[in-house]
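# Residue-level structural notes
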Amino acid sequence: MKENPILKLEEDDNPLGMLTNLFDAAMVFAVALMVALVTHYSMNEIFSKEDFTVVKNPGAENMEIIMKEGGQVKKYVPSESGSSQGSRGKRVGSAYRLENGEIIYIPE
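Residues numbered from 1 in each chain as written. Predicted model: local features only at pLDDT ≥ 70, side-chain atom pairs only at ≥ 80, totals over all residues. Heavy atoms only, no water.

### Describing the environment of proline 107
Test applied: Runs of H or I in DSSP of at least four residues are treated as helices and runs of E of at least two as strands, each being numbered from the N terminus. Any residue under 20% of the maximum accessible area for its type is buried, any over 50% is exposed, and the rest in between are partly exposed; the area is computed with a 1.4 Å probe on protein chains only. We call two residues in contact when some of their heavy atoms are within 4.5 Å.
Inspection of the secondary structure puts proline 107 in strand S5 (residues 103-107). Among the residues examined, proline 107 registers a relative accessible area of 53% and is labelled exposed. Along the primary structure proline 107 and glycine 93 are separated by 14 residues, whereas in three dimensions their C-alpha atoms are 4.0 Å apart. Aside from chain neighbours lying at most four places away, what touches proline 107 is Val92 and Gly93.

### Some details on a nonpolar patch on the surface
Definition in use: Without a salt bridge and with relative accessible area above 30%, a residue can belong to a patch; like charges are then joined within 9 Å and nonpolar side chains (Val, Leu, Ile, Met, Phe, Trp, Tyr) within 5 Å. All accessibility values rest on the Shrake-Rupley procedure with a 1.4 Å probe; residue burial counts only the protein chains present in the view. Only one rule defines a salt bridge in this text: a Lys or Arg side-chain nitrogen within 4 Å of an Asp or Glu carboxyl oxygen.
Judged by side-chain polarity, Phe29, Leu33, Leu37, Tyr41 and Met43 come together as a nonpolar surface patch covering roughly 530 Å² of accessible area. Among the secondary structure elements, leucine 33 is positioned in helix H1 (residues 17-40).

### Structural notes on the sheet that holds strand S3 (residues 72-76)
Going by this rule: Criterion used throughout: strands pair if DSSP finds at least two bridges between them. All axes here are fitted lines through C-alpha atoms, helices being fitted over the stretch that makes contact, and every angle between N-to-C directions spans 0 to 180 degrees.
In spatial order, the strands read S1-S2-S3; together these three strands make up an open sheet with antiparallel pairing. Since the sheet does not close on itself, it has two edges, and those belong to strand S1 (52-56) and S3, each with one partner. In this sheet, adjacent strand axes meet at a mean angle of 15° when their direction is disregarded. Pairing analysis gives five bridges linking S1 to strand S2 (residues 64-69), with the strands arranged antiparallel. The residue of S2 that forms the bridge with valine 55 is isoleucine 65.

Interpretation in functional terms is not warranted from these geometric data alone.
Encoded structure:
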């Protein structure tokens, strides 16, 4: 007796098979979003092997210093260190490095 192919049930049809394809698509989207954010905010230095220092919002109250030394990334917020002692610092001058390497400090 010959089996009818229309009535034959395939056991390979998995109702959750579509879910794995959605998961793969979500992972590709997440990686693409992370790459886009890194390139948009110019954070390529974080992935390089070179050491660097970045100053966010220089001179402002919410200034942050981000340093990468070796393989570690450190974040320093100057206002946090002063708040534990109950005092805050203020700008007292400027320092300039001349072409010959000499540093000049100018008080305000």
